[in-house]
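Summary of the model geometry
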Amino acid sequence: MQQATIQKKECNEVASHKDCQGVILPVRDALDVINGKWKLPIIIAISRGHKRFRDIERSIPRITSKVLSKELKDLEAHKLLKRSVYDSQPVSVEYTLTPYAATLNPVIDALHTWGLQHRKTILGK
């Protein structure tokens, strides 16, 4: 009888670990896409109408050209933005968010709300 109880407990622990992994893995995947200090600010800058490289760069304090270039390529690889090259003199390049990027809006809104609440809690502001 005791053996059955022990096995049942172990089985529940295994199920609990699988449930935990079922939550952790998708969250980790999401963080892998939007991690770091620059990706969300870039997405926000583009969503606010900054479409050209220099405009995006100017709208985000302290980002370097090299980092911006790398992050834009990464966001494009994750299908969050589209890079369009226009055959003009000089050639111009614009970045726009894809419809898929709009799925991040609730995440950004939730982070914004939580960040405001956190600032009030920590800083009293």
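Whatever comes next refers back to the structure up there.
Everything numeric in this text was worked out from a predicted model, so none of it was measured.

Quick notes on helix α2 (residues 39-47)
Structural remark: α-helix, 3.6 residues per turn; residues separated by three or four positions point the same way. All buried positions along α2 are accounted for by Lys39, Leu40, Ile42, Ile43, Ala45 and Ile46. With its phi angle positive at about 105°, glycine 49 sits one or two positions after the end of α2.

Thoughts on a nonpolar patch on the surface
Together, Val23, Val27 and Leu31 make up a nonpolar patch on the protein surface, roughly 260 Å² of accessible area in all. Relative to the elements of secondary structure, valine 27 occurs in helix α1 (residues 2-34).

Regarding the pairing of strand β2 (residues 92-97)
Pairing of strand β1 (residues 81-86) with β2, which is carried by six bridges, proceeds in the antiparallel orientation. Within the sheet, the bridge partner assigned to valine 85 lies in β2 and is valine 93. Connecting β1 to the next strand, β2, in antiparallel fashion are five residues.

Quick look at unusual backbone geometry
Glutamine 89 connects to proline 90 through a cis peptide bond whose omega is -10°. Note that proline 90 resides in the loop between β1 and β2.

A few points about the pattern of salt bridges
Here the idea is simple: oppositely charged side chains can pair when their charged atoms come close. For the coordinates displayed, the defined rule picks out five salt bridges. The closest approach of N and O atoms between aspartate 55 and arginine 58, which form a salt bridge, is 3.3 Å. Here aspartate 55 and its partner arginine 58 are both found in helix α3 (residues 53-59), three residues apart, which amounts to about one turn of the helix. We classify arginine 58 as exposed; its relative accessible area is 63%. For the salt bridge of glutamate 71 with lysine 70, the shortest nitrogen-to-oxygen distance reads 4.0 Å.

Describing the nonpolar core
Counting residues in hydrophobic clusters, the biggest one holds 19 residues, and the most contacted among them are Ile42, Ile43, Ile46, Ile56, Ile60 and Leu72. Mapped onto this core, the elements with two or more residues apiece are α2 and α4 (65-77). Among the elements that make up this core, the one with the highest residue count is α2 (five residues). Beyond its immediate chain neighbours, meaning those up to four positions away, isoleucine 46 contacts Lys51, Ile56, Leu72, Leu81, Tyr95, Thr96 and Leu97.

Procedures and definitions
Residues numbered from 1 in each chain as written. Predicted model: local features only at pLDDT ≥ 70, side-chain atom pairs only at ≥ 80, totals over all residues. Heavy atoms only, no water. Buried < 20%, exposed > 50% of the residue type's maximum accessible area, 1.4 Å probe, protein only. Helix = DSSP H or I, 4+ residues; strand = E, 2+ residues; numbered from the N terminus. Patch = residues over 30% accessible without salt bridge, like charges linked within 9 Å, V, L, I, M, F, W, Y side chains within 5 Å. Areas by Shrake-Rupley, 256 points an atom, 1.4 Å probe, with all protein chains shown as cover. Salt bridge = Lys/Arg side-chain N within 4 Å of Asp/Glu carboxyl O. Pairing = 2+ DSSP bridges. Core = buried A, V, L, I, M, F, W, Y, C linked by side-chain atoms within 4.5 Å. Contact = heavy atoms within 4.5 Å.

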